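Okay, here's what each chain looks like letter by letter:
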Amino acid sequence: MDIEDHLMKRRTFMTGVGATVAVGLGADLVGDWSEWSWRARVFIARASTYQSDLESIIALGLHELGLGPAWVRAKTVLLKPNLVEPSRESPQINTHPLVVRAVAEVFRRWGANDVFVAEGPGHCRDGQLVLDQSGLGDVLKESGLEFIDLNYDDVDFVPNRLGRTALAQLALPRSLQRADLVISLPKLKTHHWAGVTLSLKNLFGVMPGIVYGWPKNVLHYAGIGPSILDIAAAVRPHLAIVDGIIGMEGDGPIMGSPRQSGCLVMGTNLTAVDATCARLMWINPWRVGYLADASGRLGPIAERHIDQRGETVASLAQPFQLLDHPFFTRLRT
């Protein structure tokens, strides 16, 4: 079902429920009801180190999601990692190069026509510097993978379909049109403003710096949470694979500490993937503003609406350290 159909059903439902019920019940219960037509499958894989057989793990996860060679054959695939800072010594900051390579090799083996990597680093204007210092540049060269710096890509302006911000249009990089499949490859991290940064927030890096500035200041001014939703509705990514082998806790998305989580999380609905990832960090997704807002608009976050495959959340969940502030304390409740 398309996003517009879900939005229409959601508006009709919420009108029927009525404001009295919405006020009288908890936000999580109302949200649970509003996503009644959404179902999603999420796969959690155990991967203890980056030297694990990541290609086999990813291929198994994709099969569990109902995806196989026919899904990718003869298509062009854009891989969008989280490449936020030029750092090789801090594995908790950027999507690990070996995860990017493993995903690319799976799709190549399955007959993809082309696989390329694209990102618009949020803090550094020199994309080549970030590539070199993160270690991703070497891996891309060895693997023959093209990289496109989306910060400087040609742009096309599209209507803001979801309208959670006041932005009438969004400038999207033209390279998105080249791709049949857009894959979000984020890190499992806390975020000092948004609460968590996962596959949805990772799409901030799609937005070109030549339009939105560094670190995408126009979007920050428009509202981080609402911007996340508007971007996701415009980009319409097809899959997320979250690098949680080493995540980040504390003062994310850059200054936090490494947290060994030993997992990869994947799914075709990014809202459901991010809700699962939040639970792996002992964070209640209903208390993360933009995830609660995405519920029923972009996907489900209620556990009963997510078909959990692979490892259980309980078997890998651990309390990620949060900043000492009431905003973060409430994320646990």
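Reference entry: report on the structure contained in this document. All figures in this text were calculated on a predicted structure; none of them were measured in a lab. (Residues numbered from 1 in each chain as written. Predicted model: local features only at pLDDT ≥ 70, side-chain atom pairs only at ≥ 80, totals over all residues. Heavy atoms only, no water.)

A short note on the packing of helix α4 (residues 54-64) against helix α6 (residues 97-109)
- As a packed pair, α4 and α6 sit with axes 9 Å apart at the nearest point and diverge in direction by 60°. With respect to α6, the axis of α4 lies oblique. Considering how the two elements wind past one another, α4 and α6 form a crossing that is right-handed. Contacts between α4 and α6 involve Leu54, Glu55, Ile58, Ala59 and Leu62 from the former and Leu98, Val99, Ala102, Val103, Glu105, Val106, Phe107 and Arg109 from the latter. (Axes fitted to C-alpha atoms, helices over the stretch in contact; angles between N-to-C directions. Helix = DSSP H or I, 4+ residues; strand = E, 2+ residues; numbered from the N terminus. Parallel < 35°, antiparallel > 145°, perpendicular 65-115°, else oblique. Left-handed = near helix turned anticlockwise from the far one by under 90°. Contact = heavy atoms within 4.5 Å.)

Notes on the pairing of strand β3 (residues 114-119)
- Summarising burial for β3: 5 of the 6 residues are buried, a large majority.
- The pairing of strand β2 (residues 76-81) with β3 spans 4 bridges and is classified as parallel. For valine 77, the partnering residue across the bridge sits in β3 and is valine 115.
- Taken together, β2, α6 and β3 constitute a β-α-β crossover, and its handedness is right-handed.
- Pairing of β3 with strand β4 (residues 146-149), which is carried by 4 bridges, proceeds in the parallel orientation. In the sheet register, valine 117 faces β4, and the bridge partner there is phenylalanine 147. (Buried < 20%, exposed > 50% of the residue type's maximum accessible area, 1.4 Å probe, protein only. Pairing = 2+ DSSP bridges. Right-handed = clockwise from strand over helix to strand, strands pointing away.)

Some words on the side chain of glutamate 249
- Along the chain, the position of glutamate 249 falls in strand β10 (residues 239-249).
- The exposure class of glutamate 249 is buried, given its relative accessible area of 9%.
- A distance of 2.8 Å separates a polar atom in the side chain of glutamate 249 from the backbone nitrogen of glutamine 321.
- In contact with glutamate 249, other than residues within four places in its own chain, are Thr190, Gly256, Ser257, Pro258, Arg259, Pro319, Phe320 and Gln321. (Polar contact = N/O pair within 3.5 Å; in protein donor to acceptor, adjacent residues only side chain to side chain.)

A word on the environment of tryptophan 38
- Note that tryptophan 38 resides in the loop between α3 (27-34) and β1 (40-46).
- Between the C-alpha atoms of tryptophan 38 and valine 155, which are 117 residues apart in sequence, the distance is 32 Å.
- Polar contacts involving the side chain of tryptophan 38 include one to the main-chain carbonyl oxygen of glycine 296, which spans 3.2 Å.

So, the packing of aromatic side chains
- Summed over all chains, the structure comprises 3 aromatic pairs.
- Between the aromatic rings of tryptophan 71 and phenylalanine 107, the centroid separation amounts to 6.2 Å while the plane-to-plane angle is 50°, which identifies the pairing as tilted. Note that tryptophan 71 is positioned in helix α5 (residues 69-72) and phenylalanine 107 in helix α6, a separation of 36 residues in sequence. Residue tryptophan 71 shares its accessibility class with phenylalanine 107, and that shared class is buried.
- Ring plane angle 40° and centroid distance 5.8 Å describe the contact between tyrosine 152 and tryptophan 214, whose orientation is recorded as tilted. On the criterion of sequence distance, the pair formed by tyrosine 152 in the loop between β4 and β5 (155-159) and tryptophan 214 in the loop between α10 (209-212) and α11 (217-222) is long-range, its members being 62 residues apart.
- For tyrosine 152, a relative accessible area of 44% translates into the label partly exposed.
- Here the basic side chain of lysine 201 rests over the ring of phenylalanine 204, its NZ or CZ set 4.2 Å away from the ring centre. (Phe/Tyr/Trp six-rings, centres within 6.5 Å; stacked < 30°, edge-to-face > 60°. Lys NZ or Arg CZ within 6 Å of the ring centre and 35° of its normal.)

A closer look at the nonpolar core
- Of all hydrophobic cores here, the largest spans 62 residues; its most connected members are Val196, Met207, Val265, Ile283 and Tyr290.
- Setting aside residues up to four positions removed in sequence, tyrosine 290 forms contacts with Ala194, Val196, Thr197, Leu198, Leu200, Lys201, Gly225, Ile228 and Leu229. (Core = buried A, V, L, I, M, F, W, Y, C linked by side-chain atoms within 4.5 Å.)

Details of the pattern of salt bridges
- Evaluated as defined, the whole model comprises 16 salt bridges.
- Arginine 164 serves as the salt-bridge partner of aspartate 293, at 2.9 Å between the closest nitrogen and oxygen. In this pair, aspartate 293 is assigned in helix α14 (residues 289-294) and arginine 164 in the loop between β5 and β6 (169-173), connecting sequence segments 129 residues apart.
- A relative accessible area of 18% places aspartate 293 in the buried class.
- With its nearest N and O atoms 2.6 Å apart, the salt bridge here joins aspartate 293 to arginine 297.
- What you see here is one network of salt bridges that share partners, running through Arg41, Glu64, Asp307 and Arg309. (Salt bridge = Lys/Arg side-chain N within 4 Å of Asp/Glu carboxyl O.)

With respect to α6
- With 13 residues, α6 ought to run about 18 Å at 1.5 Å a step, and its terminal C-alpha atoms sit 18 Å apart, in line with that.
- Turning to α6, its buried residues number three or more, namely Pro97, Val99, Val100, Ala102, Val103, Ala104, Val106 and Phe107.
- Of the residues flanking the end of α6, it is glycine 111, one or two places downstream, whose phi is positive at about 95°. (Expected span 1.5 Å × (residues − 1).)

Here we look at unusual backbone geometry
- The residue after tryptophan 214, namely proline 215, is reached through a cis peptide bond having omega 0°.
- Structurally, the position occupied by proline 215 is in the loop between α10 and α11.
- Cis geometry is adopted by the peptide bond preceding proline 253, which originates at glycine 252 and carries an omega value of 20°.
- Along the chain, the position of proline 253 falls in the loop between β10 and β11 (257-267).
- At lysine 216, a position not held by glycine, the phi torsion is positive, near 55°.
- Considering the arrangement of structural elements, one finds lysine 216 in the loop between α10 and α11.
- For arginine 236, which is not a glycine, the phi torsion comes out positive at approximately 55°.
- Tracing the backbone shows arginine 236 in the loop between α12 (224-235) and β10.

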